[in-house]
Amino acid sequence: MNKTRQNLKAIGPGIVIAATGVGAGDLIAASISGARYGSAILWAAVVGAIIKYVINENLARWQLVTGTTLLEGWIQKLPRFVTVYFLIYLLLWSFIVAGALISATGLAAHAMIPALSVELWGIIHSVIAVTIVWFGAYRHIERIMKLLIAIMFIVVVVCAAMLMPPATEILSGIFLPLLPDGSIVFVLGVIGGVGGSVTVMSYGYWIREKQWSGSAYIPQVRTDLSIAYILTGLFGLAVMIISAGLQPEVVEGSRMILAIAEHLEARVGQFGKWLFLVGFWGAVFSSMIGVWDGVPYLFTDYIYASKRTTAAISTTGYAKTPFYRVYLLYLALPPMLLLTFGKPVWMVVIYSITGAFFMPFLAVLLLYMNNRSQWLMSFRNSLTMNVLLVVSFVLFSYLLIEKTMRML
């Protein structure tokens with residue numbers, strides 16, 4: 001009992017990865033699906049949470065057993081084209097995701113306080129996020145993220161509870177998987193949306209900040225990630241429940257946030273409207289802080305690992321290096337140019353599409369690396385874990401192909 005209590009008290013990186021991964025893209029995917037199909041495909045949010053747990057557990061287990069981050073493992077053990085592809089993708093993805101997050105935070109704040117434009121609110125949030133990350137240690141980031149995820153989670157779940165359909169409808173939507181006509185694309189969107197893309201790799205750096213190292217921490221990581229993805233799964237379920245009954249074309253439009261808020265206002269009053277707006281703001285701003293804090297670790301690790309100088313500097317000291325801070329500014333400043341397009345919802349959709357390019361790549365590399373007995377020894381993947389990774393690869397590959405075809 002004492003050991004369990006200590007494990008729960010130490011929870012932190014999982015909360016940060018949950019808050020980072022659940023953002024505007026997830027809310028949009030879940031909202032559209034809920035508006036179109038109600039409770040019929042609630043099970044997709046559960047499947048999405050399980051798949052992201054599997055991927056993150058594989059990533060963390062590699063690091064705890066080998067003592068190297070997954071990115072270091074790619075550089076040391078795989079052909080160079082793998083890491084070159086990753087670096088090019090990271091640079092492009094970072095620019096697009098940063099622009100989408102600046103737009104999304106602008107949308108969220110503008111919906112609550114329209115006195116300032118979407119663009120100006122986005123810029124203000126980006127500057128605040130840079131300040132928090134630049135001057136804050138990880139422990140401070142973790143506390144802020146815990147507060148934001150508490151806001152977004154409690155608020156969205158309370159809103160869903162106020163609109164709760166019969167329990168039998170909820171349970172059947174979760175435990176009796178259905179595929180209504182035309183729903184496959186939306187099912188895959190929900191599965192792919194619960195929990196981020198490249199951002200999952202930030203988890204390895206955050207557990208190092210907590211000084212979790214060695215295979216003895218595998219149970220701790222599994223507890224941490226279980227709580228994180230239970231929360232993200234419940235978040236996805238709640239958003240789908242809230243959106244049920246809306247006109248799909250309204251949810252897909254530029255007034256999406258206000259449409260859902262007005263739906264709540266009509267059902268439960270002004271209190272419900274403002275609850276949702278605050279919850280949406282908490283979701284997108286926590287994603288921004290998480291990306292601003294976590295993604296520069298990847299670039300910094302790539303630089304040091306490529307130079308074979310990781311022994312000279314601990315990854316827990318990366319946040320104070322010039323490479324980390326330059327990449328933080330790259331995330332926060334140049335993507336502001338994308339605000340000139342004036343299509344914040346379109347930016348978020350593009351972000352979700354670019355994210356789809358990464359997950360099949362990650363799943364197949366984890367299948368290869370985590371099954372090598374000479375690297376992971378007795379901690380290599382079980383049959384169940386491999387099956388789930390194969391399922392992940394197939395689902396994300398289909399999602400990638402489908403999204404790409406729709407853009408053409």
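Structure: see above.
Here's a quick rundown of the structure.

In this structure, Tyr302 sits in helix H15 (residues 270-306). The sequence separation of Tyr302 and Thr83 amounts to 219 residues, and the corresponding C-alpha distance is 8.4 Å. Apart from the residues lying within four places of it in its own chain, the contact partners of Tyr302 are Leu71, Ile75, Arg80, Thr83, Val84 and Leu87.

Counted under the stated rule, the structure contains five salt bridges. The partner of Arg222 in a salt bridge is Glu57, with the nearest N and O atoms 2.9 Å apart. Separated by 165 residues along the polypeptide, Arg222 in helix H12 (residues 218-243) and Glu57 in helix H4 (residues 43-66) bring together distant segments of the chain. Its relative accessible area of 2% is what places Glu57 among the buried residues. We note a salt bridge from Glu142 to Lys210, for which the minimum N-O separation is 3.5 Å. Note that Glu142 is positioned in helix H8 (residues 138-162) and Lys210 in the loop between helix H11 (203-209) and H12, a separation of 68 residues in sequence. Its relative accessible area of 8% is what places Glu142 among the buried residues. Among the ionic contacts, a cluster of salt bridges with common partners joins Glu57, Arg61 and Arg222.

The next subject is helix H18 (residues 359-369). Within H18, nine of the eleven residues are buried, leaving the element largely enclosed by the surrounding structure. Within the span of H18, buried status applies to Met359, Pro360, Phe361, Leu362, Ala363, Leu365, Leu366, Leu367 and Met369.

Turning our eyes to something else, we now look at the nonpolar core. Side chains that are nonpolar tend, in soluble globular proteins, to be buried together. With 139 residues, the main nonpolar core has Trp74, Met201, Phe276, Trp292 and Phe358 as its most contacted residues. Here this core takes 19 residues from H15, the largest share from any one element. For Phe276, the residues in contact, after removing those within four places along its chain, are Leu27, Val155, Cys159, Ile242, Ile257, Ile260, Ala261 and Leu264.

This brings us to the packing of H8 against H15. It is at 8 Å that the axes of H8 and H15 come closest, and there the two elements cross at 150°. The pairing of H8 with H15 is recorded here as roughly antiparallel in orientation. The element H8 and its partner H15 pack so that their crossing is left-handed. Residues belonging to the contact of H8 with H15 are distributed by class as follows: 18 nonpolar, five polar and one charged.

So, how was this worked out
Residues numbered from 1 in each chain as written. Predicted model: local features only at pLDDT ≥ 70, side-chain atom pairs only at ≥ 80, totals over all residues. Heavy atoms only, no water. Helix = DSSP H or I, 4+ residues; strand = E, 2+ residues; numbered from the N terminus. Contact = heavy atoms within 4.5 Å. Salt bridge = Lys/Arg side-chain N within 4 Å of Asp/Glu carboxyl O. Buried < 20%, exposed > 50% of the residue type's maximum accessible area, 1.4 Å probe, protein only. Core = buried A, V, L, I, M, F, W, Y, C linked by side-chain atoms within 4.5 Å. Axes fitted to C-alpha atoms, helices over the stretch in contact; angles between N-to-C directions. Parallel < 35°, antiparallel > 145°, perpendicular 65-115°, else oblique. Left-handed = near helix turned anticlockwise from the far one by under 90°. Nonpolar A, V, L, I, M, F, W, Y, C, P; charged D, E, K, R; others polar.

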